Amino acid sequence: MENAGPARRSILVVAAALIDPEGRVLVQQRAPGKSLAGLWEFPGGKAEPGESPEEALVRELDEELGIAIDAAALSPVAFSTATDDALSLVLLLFASRVWRGVPRPFDAAALRWCAIDALRRLPMPPADVPLIDPLAPWLSAT
Ligand code: 9L3
Ligand code: MG
C-alpha cells in the first residue's frame with residue numbers, strides 16, 4: 001500500500017463571515033494558550049457528531065460571540081482543507097448579513113471588523129487564507 005503512514009482523522013470545522021452594513025467582515029483573534037494563538041480567524045469551531053454544519057455554526061456563534069442567528073440565514077461560500085496544529089481539517093465558511101445581538105469576544109482575545117484590504121493583511125490560520133478570495137465579492141473594498 002502506498003502512503004502507509006498512520007491514518008489521520010479529518011474533522012469538520014464551520015466558520016462564519018458576519019458582514020455588517022458597511023460591507024466589513026468580523027474576525028476574531030485566537031486567544032493566548034490556544035493553538036494558533038494570535039492569528040485572526042473567522043469565528044466558529046468543530047461540528048459535533050449528528051449536527052448539521054449550519055446547526056453547529058449557530059451553536060458556535062452563540063458560545064463564542066453571544067449572538068443568535070437563524071440557520072436559514074447562512075449562505076455557503078466555500079470550503080478549504082488544511083493541516084492546522086497537526087489536525088487535518090475541512091473548514092466550511094458561511095456568510096450572513098443578519099443576526100441578533102452585538103458580537104462580544106467570549107472566546108477570543110479581540111474582535112475586528114475588516115474590509116477586504118484589511119482582511120488580506122491580517123495573519124490568519126492556514127485554513128482561513130484560501131477563503132478570502134471566495135468571500136471578496138461579499139465585502140466592500142475599503
Ligand atoms: N480553525 C481554523 N480556522 C477557523 C476556525 C474556527 C478554526 N476559522 C482551526 C483551529 C483548530 C481547529 O480548527 O485547529 C478547531 O478550532 P477551535 O475549536 O480550536 O476553535
Ligand atoms: Mg472556535
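Quick caveat: nothing in here was measured; it's all calculated off a predicted structure.

Draft legend 1. Highlighting the coordination of the magnesium ion (ligand 2). Bound to the magnesium ion (ligand 2) on the protein side are Gly 44 (O) and Glu 64 (OE), at distances that span 2.2 Å. Residue Gly 44 is located in strand E4 (residues 44-46), and its partner Glu 64 is located in helix H1 (residues 53-65); the two are separated by 20 residues in the primary sequence. Glu 64 shares its class with Gly 44; the two are buried.

Draft legend 2. Focus on the pairing of strand E5 (residues 75-84). Pairing of E5 with strand E6 (residues 87-96) involves nine bridges; the strand directions are antiparallel. The residue bridging Ser 75 from the neighbouring strand is Ala 95, located in E6. Between the antiparallel neighbours E5 and E6 lie two residues, among them Asp 85 with a positive phi of about 60°.

Draft legend 3. Examining the UniProt feature "domain: Nudix hydrolase" (unreviewed entry) in the protein more closely. In the numbering used here, UniProt assigns the feature "domain: Nudix hydrolase" (unreviewed entry) to residues 9-141. With 17% helix and 33% strand, residues 9-141 has its two end C-alpha atoms placed 38 Å apart.

Draft legend 4. Quick peek at the confidence of the model for the protein. Model confidence for the protein is summarised by a mean pLDDT of 94, while 95% of its residues fall at 70 or above. Reported confidences for the modelled complex are a pTM of 0.94 and an ipTM of 0.98.

Draft legend 5. Here's a closer look at the sheet that holds strand E7 (residues 110-114). In space, the three strands of this open sheet follow the order E3-E2-E7, with antiparallel pairing throughout. The open sheet is flanked by strand E3 (40-41) and E7, the only strands paired with a single partner. Bridge count for strand E2 (residues 25-29) against E7 is five bridges, and the pairing is antiparallel. In the sheet register, Val 25 faces E7, and the bridge partner there is Cys 114.

Draft legend 6. Region of interest: the sheet that holds E4. Ordered in space as E4-E1-E6-E5, the four strands form an open sheet in which the pairing is mixed. Pairing within the sheet leaves two strands with one partner each, and these edge strands are E4 and E5. On average, each strand axis in the sheet is inclined to that of its neighbour by 20°, with strand direction left out of account. Across the sheet, H1 touches strand E1 (10-18), E4 and E6, and the angle it forms with E1 is around 65°.

Draft legend 7. Inspection of the site of ligand 1 at higher detail. Surrounding ligand 1, one finds 14 residues, the nearest of these being Arg 30, Glu 41, Phe 42, Gly 44 and Asp 128. The separation between a nitrogen atom of ligand 1 and a polar main-chain atom of Phe 42 is 2.8 Å. Between ligand 1 and Asp 128, the relevant distance is 2.5 Å, taken from a nitrogen atom to a side-chain nitrogen or oxygen of the residue. Breaking the shell around ligand 1 down by element, the ones donating at least two residues are E4 and E6. Of the residues that constitute the shell around ligand 1, the class distribution is six nonpolar, two polar and six charged.

Draft legend 8. Geometry of the pattern of salt bridges. Scanning the entire structure with this criterion turns up 10 salt bridges. Glu 63 serves as the salt-bridge partner of Arg 59, at 3.3 Å between the closest nitrogen and oxygen. You can see Arg 59 and its partner Glu 63 sitting in helix H1, four residues apart, about one turn around the helix. The network of salt bridges with common partners includes Glu 48, Glu 51, Arg 59, Glu 60 and Glu 63.

How each quantity is defined
- Residues numbered from 1 in each chain as written.
- Chains lettered and ligands numbered in written order.
- Predicted model: local features only at pLDDT ≥ 70, side-chain atom pairs only at ≥ 80, totals over all residues.
- Heavy atoms only, no water.
- Donors = N, O, S within 2.8 Å, 3.2 Å for Na, K, Ca; no water.
- Helix = DSSP H or I, 4+ residues; strand = E, 2+ residues; numbered from the N terminus.
- Buried < 20%, exposed > 50% of the residue type's maximum accessible area, 1.4 Å probe, protein only.
- Pairing = 2+ DSSP bridges.
- UniProt positions renumbered as here; feature names shortened; annotations may be inferred.
- pLDDT = per-residue confidence, 0-100.
- Axes fitted to C-alpha atoms, helices over the stretch in contact; angles between N-to-C directions.
- Contact = heavy atoms within 4.5 Å.
- Near = heavy atom within 4 Å.
- Polar contact = N/O pair within 3.5 Å; in protein donor to acceptor, adjacent residues only side chain to side chain.
- Nonpolar A, V, L, I, M, F, W, Y, C, P; charged D, E, K, R; others polar.
- Salt bridge = Lys/Arg side-chain N within 4 Å of Asp/Glu carboxyl O.

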